[in-house]
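Analysis of the macromolecular model
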Amino acid sequence: MRLIVGISGGSCAIYGIGLLKVLKELNIETHLVVTTMGEYVVEHECGFNLEELKKLATYYHDNKNLAAPIASGSFKTDGMVVVPCSMKTLSSIANGYSDNLLTRAADVCIKEGRRVILVPRETPLSAIHLENMLKLVRCGVKVMPASPGFYNQPQTINDLVAFMVGRILDQLDIEHSLYTRWGE
Ligand SMILES: Cc1cc2nc3c(=O)[nH]c(=O)nc-3n(C[C@H](O)[C@H](O)[C@H](O)COP(=O)(O)O)c2cc1C
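Residues numbered from 1 in each chain as written. Predicted model: local features only at pLDDT ≥ 70, side-chain atom pairs only at ≥ 80, totals over all residues. Heavy atoms only, no water.

An unreviewed UniProt entry lists the protein chain under the name Flavin prenyltransferase UbiX, with Caloramator mitchellensis given as the organism. A UniProt comment under Catalytic activity (unreviewed entry) is attached to the protein chain, and it reads "dimethylallyl phosphate + FMNH2 = prenylated FMNH2 + phosphate". In its Function (unreviewed entry) section, UniProt records this for the protein chain: "Flavin prenyltransferase that catalyzes the synthesis of the prenylated FMN cofactor (prenyl-FMN) for 4-hydroxy-3-polyprenylbenzoic acid decarboxylase UbiD. The prenyltransferase is metal-independent and links a dimethylallyl moiety from dimethylallyl monophosphate (DMAP) to the flavin N5 and C6 atoms of FMN." (UniProt positions renumbered as here; feature names shortened; annotations may be inferred.)

Laid out in structure tokens, this is it:
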């Protein structure tokens, strides 16, 4: 399996790092692209610099490099997860404004009919945000707000991260035991 992971400048960078760690453990090929604000928020919230982040991915691509493999539909992937997904990046994707590698890669996945999962954190949501999300969902994109459930009694922040990462993996049909399913 080959996945693109985008990290933009929304809060909850911990979910992006958590996803990269799990995909690495599962030996899944990842292509990482990070926006400038994504890099800033990762460092601010998690104390991870870009070099440490790069080590969690199989391949890293500069967000300015619009000639990277993931910018083309002819480079086959199994889809893309943007986590966290800022409202700015979500708006760019919803409107096909592919002026950086992250948004171009998402645009490519949508046009090729591949899986795209966006994990926004923003609250409250304006009509602009909601209209952009509706547009995306109508194109088959999964919008998964970073809102972990509390029905499995999480005890730590790691439990919350495991739940969200597990729910993302569910959307990708990747088997895992990161959280206890309701009824199990
Ligand atoms: C600490 C921090 C947290 C932020 N959290 C959010 C957020 O949760 N959602 C959001 O849409 N923007 C958030 N922003 C603002 C975005 O980073 C900003 O809109 C930026 O232009 C997004 O650019 P990007 O999508 O290219 O990363 C945050 C900024 C900072 C500094």
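A few words on the UniProt feature "binding site: dimethylallyl phosphate" (unreviewed entry) in the protein chain. When the UniProt feature table is mapped onto this chain, "binding site: dimethylallyl phosphate" (unreviewed entry) is found at Tyr151 and Arg167. In summary, the annotated positions, though distributed over 17 residues, converge in three dimensions, the widest C-alpha pair being only 13.8 Å. Summarising the element assignment, Tyr151 is placed in the loop between strand E6 (142-143) and helix H7 (157-171). The class for Tyr151 is partly exposed, based on a relative accessible area of 41%. The residues touching Tyr151, leaving out its near neighbours within four places in the chain, are Phe163 and Trp182. Structurally, the position occupied by Arg167 is in helix H7. (Helix = DSSP H or I, 4+ residues; strand = E, 2+ residues; numbered from the N terminus. Buried < 20%, exposed > 50% of the residue type's maximum accessible area, 1.4 Å probe, protein only. Contact = heavy atoms within 4.5 Å.)

This next bit is on the site of the ligand. In the neighbourhood of the ligand, 14 residues make up the surrounding shell, with Gly9, Thr35, Ser86, Met87 and Thr89 lying closest. Separating an oxygen atom of the ligand from a side-chain N or O atom of Glu122 is a distance of 3.5 Å. Protein chains bury 73% of the 640 Å² of accessible surface belonging to the ligand in isolation. Of the residues contributing to the shell around the ligand, the split by class is 4 nonpolar, 7 polar and 3 charged. (Near = heavy atom within 4 Å. Polar contact = N/O pair within 3.5 Å; in protein donor to acceptor, adjacent residues only side chain to side chain. Areas by Shrake-Rupley, 256 points an atom, 1.4 Å probe, with all protein chains shown as cover. Nonpolar A, V, L, I, M, F, W, Y, C, P; charged D, E, K, R; others polar.)

Moving on: unusual backbone geometry. Residue Val83 is joined to Pro84 through a cis peptide bond whose omega torsion reads -5 degrees. Along the polypeptide, Pro84 turns up in the loop between strand E4 (80-82) and helix H4 (87-94). Note that the residue after Thr123, namely Pro124, is joined by a cis bond; omega there is -10 degrees. Note on placement: Pro124 falls in the loop between strand E5 (116-118) and helix H6 (127-138). A positive phi is found at Cys12, a non-glycine position, where the angle reads about 85 degrees. Tracing the backbone through its elements, the reader meets Cys12 in the loop between strand E1 (2-7) and helix H1 (13-25). The exposure class of Cys12 is buried, given its relative accessible area of 9%. At Asn27, a residue that is not glycine, the phi angle is positive and equals roughly 60 degrees. Tracing the backbone shows Asn27 in the loop between H1 and strand E2 (29-34).

Turning our attention to the packing of aromatic side chains. Within a pair of aromatic rings, the relevant descriptors are the distance that separates the centres and the angle that separates the planes. Applying the stated rule across the entire model yields 3 aromatic pairs. Geometrically, the ring pair formed by Tyr151 and Trp182 is edge-to-face, given 5.9 Å between the ring centres and 85 degrees between the ring planes. Separated by 31 residues along the polypeptide, Tyr151 in the loop between E6 and H7 and Trp182 in the segment after H7 bring together distant segments of the chain. Residue classification places Trp182 among the exposed positions, given a relative accessible area of 72%. Aromatic pair Phe163 and Tyr179: ring centres 4.9 Å apart, planes at 50 degrees, arrangement tilted. Of this pair, Phe163 sits in helix H7 while Tyr179 sits in the segment after H7, and the two are 16 residues apart along the sequence. (Phe/Tyr/Trp six-rings, centres within 6.5 Å; stacked < 30°, edge-to-face > 60°.)

So, about the UniProt feature "domain: Flavoprotein" (unreviewed entry) in the protein chain. Under the local residue numbering, the UniProt record ascribes the feature "domain: Flavoprotein" (unreviewed entry) to residues 1-172. Secondary structure content for residues 1-172 is 44% helix and 13% strand, while the C-alpha to C-alpha distance between its ends is 10 Å.

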